[in-house]
Amino acid sequence: MPDQLTGLIISAVIGAWLLAITGVLILRRHYNRRIERIGEASSEEILGELKTAYKQAPKIRIQTQTEYLPYIIERIRENVESGLGEDQAQLLLERIESHRLGEEHQAIFPIESSKGSSDLRLNWTCDEKQRIDLHIQGDPTIIFALYDLKKKIPKATIIGQAGRS
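Model, not experiment: these values are computed from the prediction. (Residues numbered from 1 in each chain as written. Predicted model: local features only at pLDDT ≥ 70, side-chain atom pairs only at ≥ 80, totals over all residues. Heavy atoms only, no water.)

**Some thoughts on the overall build of the protein**
In plain terms, the rule: We count a stretch as a helix when DSSP gives it H or I for four or more residues in a row; a strand needs E for two or more, and each element gets its number in order from the N terminus. Only protein chains enter the accessibility calculation, which uses a 1.4 Å probe; a residue whose area is less than 20% of its type maximum is buried, one above 50% is exposed, and one in between is partly exposed. In this description, accessible areas are obtained by the Shrake-Rupley approach with a 1.4 Å probe, and a residue is regarded as covered only by the protein chains that are shown.
Regarding its fold elements, the protein presents five helices and five strands. Moving toward the C terminus, one meets the helices and strands of the protein in the order α-α-β-α-α-β-β-β-α-β. Put simply, the protein has 165 residues, and 27% of those count as buried. With an accessible surface of roughly 11,800 Å², the protein has 54% of that area assigned to carbon and sulfur atoms.

**So, the side chain of glutamine 65**
Looking at the secondary structure, you find glutamine 65 in the loop between strand S1 (59-64) and helix H3 (69-78). Looking at glutamine 65, the relative accessible area reads 19%, which means it is buried.

**Examining the packing of H3 against helix H4 (residues 86-97)**
The condition is simple: To get an axis, a line is fitted to the C-alpha atoms, and for a helix only the part in contact is used. The angle between two axes follows their N-to-C directions and goes from 0 to 180 degrees. Crossing handedness: left-handed means the near helix sits turned counterclockwise from the far one by under a right angle, and right-handed means the same turn made clockwise. By definition, residues are in contact when any of their heavy atoms lie within 4.5 Å. In the scheme used here, Gly and all other residues not listed as nonpolar or charged are polar, with Ala, Val, Leu, Ile, Met, Phe, Trp, Tyr, Cys and Pro taken as nonpolar and Asp, Glu, Lys and Arg as charged.
Between H3 and H4, the least distance of the axes is 10 Å, while the angle of their chain directions is 145°. Helix-helix and strand crossings are classified by hand; for H3 and H4 the assignment is right-handed. Across the interface between the two elements, Leu69, Pro70, Ile73 and Arg77 from H3 touch Glu86, Ala89, Leu92, Leu93, Ile96 and Glu97 from H4. Taken together, the residues of the contact of H3 with H4 break down into seven nonpolar, no polar and three charged.

**Side note on the environment of isoleucine 153**
When you line up the elements, isoleucine 153 lands in the loop between helix H5 (140-149) and strand S5 (157-161). Separated by 88 residues in sequence, isoleucine 153 and glutamine 65 have C-alpha atoms that sit 9.7 Å apart. If we skip the residues at most four places from it in the chain, isoleucine 153 touches Thr64, Tyr68 and Ile72.

**Topic: the pairing of strand S2 (residues 105-113)**
Cut-off, in case you're wondering: Two strands are counted as paired when DSSP detects at least two bridges linking them.
With nine bridges connecting them, S2 and strand S3 (residues 116-126) associate as antiparallel partners. Paired with glutamate 112 across the bridge in S3 is serine 117. Here S2 folds back onto S3 in antiparallel fashion, the turn holding two residues.

**Considering the environment of leucine 84**
Positionally, leucine 84 belongs in the loop between H3 and H4. Put simply, leucine 84 and isoleucine 111 are 27 residues apart on the chain and 6.8 Å apart in space, counted from C-alpha to C-alpha. In this view, leucine 84 contacts Ile76, Arg77, Ala89, Phe109 and Leu120; residues no more than four positions away in its chain are not counted.

The structure is reproduced here in structure tokens:
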């Protein structure tokens, strides 16, 4: 009888030990999978983020004489918290004013505004009437401020404005 009891205890200990190791391995695999899934997103979440990240910024096109460019650049600077300093604005004005007929130029400024970080994109050409054709794409607050500026700039033609959201 004592031999049977000893064999039973040894069998129970070995079985419990195997059961414990199996349980630990199963739990380890389960938690490793959960840890790997942290940071993963569903396809709907990824598509939603892509739509907001690549949302088309509003645009405006202004045709004006070069003497009114400082007003436009200053209106942009009023709506930008950082990214377009006074020195950069002055260099941009000089660059736009030193144009050649028909050549297209561009500049991109990473800026901070009240709505966060974005890019301010400017493309310009000079037409045969020595007017600057300036295309601006950027933060909606900047575009809407430029649209409101049209009343103050004589001889300016504003073509297009993105709808307010």
